[in-house]
Amino acid sequence: MITMDDIIREGHPTLRRVADEVSFPLSDADKKVAEEMMQFLRNSQDEKIAEELDLRAGVGLAAPQIDVSKRIIALLIPGEYEDDPPELEKVMFNPKIISHAIESACLKGGEGCLSVDREVPGFVVRHSRITVTFQDEKGNSCKARYKGYHAIVVQHEIDHLNGIMFYDHINAESPFSVDDDVIIIE
Ligand SMILES: OCN(O)CCCc1ccccc1
Ligand code: NI
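Residues numbered from 1 in each chain as written. Chains lettered and ligands numbered in written order. Predicted model: local features only at pLDDT ≥ 70, side-chain atom pairs only at ≥ 80, totals over all residues. Heavy atoms only, no water.

Within an unreviewed UniProt entry, the label attached to the protein chain reads Peptide deformylase, and the organism entered is Trichococcus palustris. According to UniProt, the comment filed for the protein chain under the heading Catalytic activity (unreviewed entry) is "N-terminal N-formyl-L-methionyl-[peptide] + H2O = N-terminal L-methionyl-[peptide] + formate". In its Function (unreviewed entry) section, UniProt records this for the protein chain: "Removes the formyl group from the N-terminal Met of newly synthesized proteins. Requires at least a dipeptide for an efficient rate of reaction. N-terminal L-methionine is a prerequisite for activity but the enzyme has broad specificity at other positions." (UniProt positions renumbered as here; feature names shortened; annotations may be inferred.)

What follows is the structure, given as structure tokens:
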């Protein structure tokens, strides 16, 4: 089971590596990694388990964050209300952004990261809408489009596969100044 002890922190070289493509059919090891990543996200969003295991809540996780330099990301974006189904619950293998909108967007509150034990204030400017191809656990080729908060989270995770941290996108000189056509998501 993944706990915070398994999550590597900034400064660890794996976070700055470009992760390797996953081959299909999946090895048992890769299947296990994906399952454990999704279980971590569920546990991290369960009040009791998170408190018991001292987990930071996460809506996404990338395999490099558990020192597995492979192109696997897990996404778990909860529904609006307690008993709603998740808005997005998916593991992507070899995800790739194949196209994106011209418009940029960022979260009003900035971003954080389970691999970063500090606040890094500032607007993290990303694409407002993306089209992603990926393989599912069966190796089926999939395509999906994301916008808004979902697009932001997916980009944050895919960045981890390319050794990019969220604060790489923050304007160091002026962290909260963005062009006036950048969509600021509440
Ligand atoms: O890589 C996953 N992770 O560090 C957890 C935080 C995910 C995340 C947080 C804010 C905006 C987008 C994504
Ligand atoms: Ni992260």
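1. Quick look at the coordination of the nickel ion (ligand 2)
Around the nickel ion (ligand 2), the protein contributes the donor atoms C113 (SG), H156 (NE2) and H160 (NE2), which lie 2.1 to 2.4 Å from the metal centre. Classification of the site at the nickel ion (ligand 2) rests on its 6 donor atoms, whose angles at the metal span 27 to 149°, yielding the label irregular. Between the donor residues of the nickel ion (ligand 2), the gaps in sequence give the motif C-x42-H-x3-H. Residue C113 is located in the loop between strand 4 (104-107) and strand 5 (126-127), and its partner H156 is located in helix 3 (residues 148-161); the two are separated by 43 residues in the primary sequence. (Donors = N, O, S within 2.8 Å, 3.2 Å for Na, K, Ca; no water. Tetrahedral: all angles 85-135°; square planar, octahedral: opposite > 155°, others 65-115°. Helix = DSSP H or I, 4+ residues; strand = E, 2+ residues; numbered from the N terminus.)

2. Notes on the sheet that holds strand 8 (residues 183-185)
The strands that make up a sheet are held in pairs by hydrogen bonds between backbone atoms, and each pair lies either parallel or antiparallel. Across the sheet, 3 strands lie side by side as 5-4-8; this open sheet has mixed pairing. A single partner strand is all that each edge strand has here, and the edge strands are strand 5 and strand 8. With 2 bridges connecting them, strand 4 and strand 5 associate as antiparallel partners. Bridging across to strand 5, S104 finds its partner in H127. (Pairing = 2+ DSSP bridges.)

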